[in-house]
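# Descriptive analysis of the structure
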Amino acid sequence: MNSIIMGKSMHRDVTTDLCKYHVLGDPKDEPNYVKVGFVCENGNEVISTLVMSAIEDKTIKGLLNEYARIIGFDPKLIDENNFTCFNDDKVMYSEDDYKEIVRATSTIRCIQNYKDED
Amino acid sequence: MKIRLLKITKIIIFFLILIIALLVRKRKYAEIPIPGQSVDEYSYAWVGLSLIESGMPIGISGIDGYKNRLPRYINVDRFFQTVSSGDPLIINYPWMDHPPLLGLITGGFAFLNGTRVFEDATSYVIRKPIIVISTLSVALLMIFCWINFGFLSSVIGGLIYSTTPLVVLSSRMIQAENGIIPCFLACMICISLYMRSKKDVWLILAGFSAGVASLFKLTGFTCHLFVLLALLNNSKRNGKLFLKDFIFFLAISLPISFLFVIYGSVYGINNFIQIFFSNYNRFYGIGPNSIIELIRNQRLTQHKYLPEISIISGWLVFFGYVFNKEKNRYVNLVILGNFSYLIIYIFFGSQPYGWYSFPFWPLLSILLSVFISDGLSKNKNIIAVFFSLILIFGTNISRLIGIFDFQPYANIWRFSISVLFFILVSKLNNKKYINFASKLLLVLILMAIIYTNISYLNMINIDYWWQNIS
């Protein structure tokens with residue numbers, strides 16, 4: 001049943017620009033959301049608010065995969081296009097960082113070609 | 001030979017109007033109305049698709065009473081990048097809001113076209129069958145008019161119903177009402193033929209149409225109510241005759257309608273009853289002012305208004321016929337049809353979604369066409385006929401060109417309309433040549449209305465929709 005509901009479209013356009021689309025609007029379920037944002041090298045920036053209860057895999061990796069499915073891009077592009085992701089202000093480097101459970105109201109933000117000036 | 005040629009010409013005109021109806025419905029059908037402004041459209045198709053694929057009807061419901069509730073992001077037609085409010089879609093199963101016939105048609109069509117997941121049930125695919133069904137409605141409307149009021153009325157009714165912008169846009173939407181309309185019209189055709197011939201076959205077919213209508217949505221019971229009123233009206237106080245006919249009709253229609261209960265009980269009768277009563281207890285959003293809203297504010301969705309003067313004129317004609325004691329028995333049939341749906345509309349209530357009022361529109365178009373054709377052929381109510389046509393024509397012009405662009409034509413407009421009304425009111429048109437000229441003018445205005453209807457439809461694109469249709 002889940003494959004019919006959540007299955008990937010064969011016909012929908014797939015994008016390679018992670019800053020092209022975002023999820024419109026703000027959900028009413030206020031305390032139970034998470035924000036996902038992308039900042040691209042060309043200066044474009046998008047931010048989306050997703051409801052936690054609609055995300056099955058509640059790890060950060062699961063959230064990013066689900067976001068990629070919704071928007072229509074290959075999640076591998078996050079690594080391949082050199083995005084560095086932050087869980088609120090904490091930079092995520094290791095696989096273990098991505099296995100963490102997403103905390104409600106947190107912001108997962110990925111910046112392309114990020115340079116740590118420290 | 002001459003009669004045969006005339007028949008062939010009439011049939012060609014009939015099909016030409018159907019081609020016009022199909023073409024205007026097909027143009028930009030996947031873009032306008034904007035997909036996702038009514039998520040019901042997807043829900044119907046998903047119900048059918050999931051029922052075919054997994055045996056479980058899965059859809060979106062706005063009502064309480066469902067145990068299984070899944071919030072999910074299904075980005076069909078890039079819904080979450082165009083019209084979404086930000087909330088995920090709430091998926092419910094087993095979906096029992098309405099009977100599954102419309103879902104099986106749209107979802108089944110999508111399945112046959114290779115759709116296997118919800119995200120692929122795009123408006124480009126799922127709206128196709130509804131366009132065919134809506135064109136069938138135009139054909140049935142024309143047949144009803146042809147049988148009962150003559151060919152002229154059929155042509156006028158067909159042209160008005162096939163090109164009126166609000167009707168065309170509504171005809172592209174996957175809403176159960178678009179399935180009920182052809183069944184209702186078929187039922188009305190059968191009852192009118194039964195009244196003429198007294199042949200049982202027409203009552204059987206009316207029962208079948210009514211049964212199928214209720215498999216689209218329970219408001220399809222308007223057909224049962226219509227047949228009850230029509231037979232009562234026709235029986236001339238012969239209670240036995242009425243009972244015999246009506247029981248015979250119910251013996252055909254009710255077993256078909258009952259299929260929904262059997263279908264619902266397969267997924268648990270308690271669940272079915274719970275959802276049924278949740279549906280019944282919905283917020284009565286149409287409110288006590290629902291009738292005046294029906295007449296003055298036509299909508300496509302809950303918040304998209306497109307007031308349509310053809311429909312408003314249809315309501316005015318409806319009231320005129322209600323007050324007129326010497327009306328044709330088939331006009332009476334249309335009035336009973338309109339009252340049947342009005343009773344259902346008021347009783348079922350719920351939110352003031354535009355699609356709840358769709359079934360009024362073919363009936364009002366029929367009344368308007370009879371009114372105009374009587375004016376043309378019998379000189380009946382000629383002033384009122386001119387009045388309604390000028391109302392529609394004037395509104396159509398103002399939709400196409402703004403008030404400033406209209407100024408160069410203002411003198412033509414004010415002189416011609418003033419002179420026209422002067423001639424009509426002073427009864428100068430009783431003279432033969434003026435009478436002919438006024439009828440010719442009527443035909444020209446009617447043609448101009450059809451032309452401006454189509455021009456307006458061609459003008460509506462996504463930008464126009466967002467900026468001008470509020």
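Residues numbered from 1 in each chain as written. Chains lettered and ligands numbered in written order. Predicted model: local features only at pLDDT ≥ 70, side-chain atom pairs only at ≥ 80, totals over all residues. Heavy atoms only, no water.

Attention now goes to the overall build of chain A. When helices and strands are tallied, chain A shows four helices and five strands. The C-alpha atoms of chain A give 14 Å as radius of gyration, which agrees with the globular expectation for 118 residues (13 Å, within 12%). Along the first, second and third principal axes, the C-alpha set of chain A runs to 50 × 30 × 30 Å. Of the contacts made within chain A by residues no fewer than 6 positions apart, 61% connect residues no fewer than 24 positions apart. Within chain A, one finds 14 positive and 22 negative side-chain charges whose respective centroids are separated by 5 Å. (Helix = DSSP H or I, 4+ residues; strand = E, 2+ residues; numbered from the N terminus. Rg over C-alpha atoms; globule rule 2.2 N^0.38 Å. Contact = heavy atoms within 4.5 Å. Lys, Arg positive; Asp, Glu negative; His and termini not counted. Charge placed at Lys NZ, Arg CZ, Asp CG, Glu CD.)

On to the overall build of chain B, then. Along its length, chain B carries 23 helices and three strands. Along the first, second and third principal axes, the C-alpha set of chain B runs to 75 × 60 × 50 Å. Taking all 470 residues of chain B together, 58% fall into the buried category. Long-range pairs, those at least 24 residues apart, make up 79% of the contacts in chain B between residues at least 6 apart in sequence. Counting every atom, chain B has about 20200 Å² of accessible surface; 68% of that belongs to carbon and sulfur. Of the side chains in chain B, 39 bear a positive and 19 a negative charge, and the two mean positions are spaced by 15 Å. (Buried < 20%, exposed > 50% of the residue type's maximum accessible area, 1.4 Å probe, protein only. Areas by Shrake-Rupley, 256 points an atom, 1.4 Å probe, with all protein chains shown as cover.)

For the rest of this paragraph, the subject is helix α4 (residues 101–112) of chain B. Residue and element names in this part refer to chain B. Look at α4: 16 Å from first C-alpha to last across twelve residues, which is about the 16 Å you get at 1.5 Å a residue. All buried positions along α4 are accounted for by L102, G103, T106, G107, G108 and A110. Remark: G114 follows α4 within two positions and exhibits a positive phi of approximately 95 degrees. (Expected span 1.5 Å × (residues − 1).)

Bringing a negative patch on the surface into the picture now. All names here are of chain A. Together, D74, D79, E80, E95 and D96 give the surface a local cluster of negative charge. Contributions of two or more residues to the negative patch are made by α3 (76–80) and α4 (95–99). Along the polypeptide, D74 turns up in the loop between α2 (60–71) and α3. (Patch = residues over 30% accessible without salt bridge, like charges linked within 9 Å, V, L, I, M, F, W, Y side chains within 5 Å. Salt bridge = Lys/Arg side-chain N within 4 Å of Asp/Glu carboxyl O.)

Turning our attention to the sheet that holds strand β2 (residues 45–51) of chain A. Residue and element names in this part refer to chain A. Here five strands make up an open sheet; going across it, the order is β2-β1-β5-β3-β4 and the pairing mixed. Two strands lie at the open edges of the sheet, namely β2 and β4 (90–92), each paired on one side alone. Direction aside, the axes of adjacent strands within the sheet are offset by 25 degrees on average. Alignment of strand β3 (residues 83–87) against strand β5 (residues 107–112), held across five bridges, turns out to be antiparallel. By the bridge assignment for β5, C85 is matched with C110. (Pairing = 2+ DSSP bridges. Axes fitted to C-alpha atoms, helices over the stretch in contact; angles between N-to-C directions.)

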